[in-house]
Amino acid sequence: MSTSEAKTTAAGEVVYEGSSLDLQDLTIAYGEVEVVRNVSLSVPPGTTTCVIGPSGSGKSTLLRGINRLHEPKSGDVRLAGRSVLKDKPDDLRLRIGMVFQHFNLFPDHTALENVALAPWRVKGQSRSAARRLAEDRLREVGLGERMDHRPRDLSGGQQQRVAIARALAMHPEVMLFDEATSALDPELVKGVLRLMAELCERGMTMVVVTHEMGFARKVADQVVFMDEGEVVEVGPPEQIFDDPHSDRLRTFLSEVL
Ligand code: ADP
Ligand code: MG
């Protein structure tokens, strides 16, 4: 199993060793209604998969099923080659980090405390080790100068960086992003996307649900188009955006591009 501890190059750059993520015939339902149906997908280690598709097509549900915020009905989720559906959900969430549209930071804690809390409370690190780790992660996301600010004193983009730093502090093997920039003012979107592209370059395995087609085209190794709970097309960005095979994808692209 990959340890996925953050390592650094001689130049001090953080590098990641993401794990492979494989979905096999994954079906996820709310009650009787299957909103994700028979999704199979391979995300090789250190690659980025962008998921696009209309509102209500099951993108968020897919991510929630992967880290078992919502238990899949059938199929399998494999991390580093091993099924994780029988693991304790809390253990799984240490290995798969998730970043949401709304940052879900603790409002009464500083940026530093928000990032240090889980390594200290959940992973049992000493307070000082958790603090040092949080400082490193916050510097990495460009917030070295703002560690003692509370969320309300940070911009939306900075809050989202704190949320990303908080996920990274758990040394995840995979990062899931659910429309991480959709709630941001337009001028703040670029900085967060750049940070996500950097994580990708440094070897993190990522699944990114996004409406940012420019990001998907530039950063993704593969793009998944979902519609009505199904994967309709998967391919490299050039194929998905320049040579869509299905009418459903062509229609979707004509509406968003
Ligand atoms: P997307 O993220 O692509 O917009 P979602 O995964 O949020 O799509 O939703 C997929 C479908 O599941 C939609 O029809 C939505 O109404 C339904 N859905 C989402 N969350 C719930 C829920 N908690 N209970 C019941 N149905 C839900
Ligand atoms: Mg969604």
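Rules used throughout
Residues numbered from 1 in each chain as written. Chains lettered and ligands numbered in written order. Predicted model: local features only at pLDDT ≥ 70, side-chain atom pairs only at ≥ 80, totals over all residues. Heavy atoms only, no water. UniProt positions renumbered as here; feature names shortened; annotations may be inferred. Domains from an automatic or database assignment. Contact = heavy atoms within 4.5 Å. Buried area = accessible area lost by both parts, 1.4 Å probe. Salt bridge = Lys/Arg side-chain N within 4 Å of Asp/Glu carboxyl O. Polar contact = N/O pair within 3.5 Å; in protein donor to acceptor, adjacent residues only side chain to side chain. Helix = DSSP H or I, 4+ residues; strand = E, 2+ residues; numbered from the N terminus. Nonpolar A, V, L, I, M, F, W, Y, C, P; charged D, E, K, R; others polar. Pairing = 2+ DSSP bridges. Axes fitted to C-alpha atoms, helices over the stretch in contact; angles between N-to-C directions.

By the naming in an unreviewed UniProt entry, the protein is Amino acid ABC transporter ATP-binding protein (PAAT family), taken from Zhihengliuella halotolerans. Of the protein, the UniProt comment under Sequence similarities (unreviewed entry) reads exactly: "Belongs to the ABC transporter superfamily." In UniProt, the protein has this text filed under Subcellular location (unreviewed entry): "Cell membrane".

Asker: Honestly, the domain arrangement of the protein in this entry has me stumped. Any pointers?
Answerer: For an interface, size is often stated in terms of accessible area lost upon the parts coming together. Here the protein is partitioned into domain 1 (14–88 + 174–256) and domain 2 (107–171). Relative placement of domain 1 and domain 2: their C-alpha centres are 25 Å apart. Opposite the 14 residues of domain 1 that make contact, domain 2 presents 11 residues. Both sides of the domain 1 and domain 2 interface together cover about 980 Å² of buried area, and 72% of this is carbon and sulfur. In terms of surface lost to domain 2, no three residues of domain 1 exceed Met175, Val192 and Leu195, which account for 40% of the buried area on that side. Put simply, domain 1 and domain 2 have one salt bridge between them. The residue Glu140 makes a salt bridge to Arg202 at a minimum N-O spacing of 2.9 Å. The interface formed by domain 1 and domain 2 includes four residue pairs in polar contact (both at pLDDT 80 or more). Among the elements of the structure, β9 (174–178) and α6 (186–201) are those that each provide at least two residues to the side of domain 1 that touches domain 2. If you tally residues by element for the side of domain 1 that touches domain 2, the top one is α6, at six residues. For the side of domain 1 that touches domain 2, the residue count by class is 12 nonpolar, one polar and one charged.

Asker: Would you mind showing me how to read the sheet that holds strand β3 (residues 21–30) here?
Answerer: Through backbone hydrogen bonds, the strands of a sheet pair up, either in parallel or in antiparallel fashion. With respect to topology, four strands assemble into an open sheet ordered β4-β3-β6-β7, the strand pairing being antiparallel. Here the strands that pair on one side only, and so sit at the sheet edges, are β4 (33–43) and β7 (82–83). Relative to strand β6 (residues 74–79), β3 is paired through five bridges, and the arrangement is antiparallel. Among the inter-strand pairings, Asp22 is bridged to a residue of β6, identified as Arg78. Along the sheet, helix α1 (residues 59–66) makes contact with β3, β4 and β6, crossing β3 at roughly 115°.

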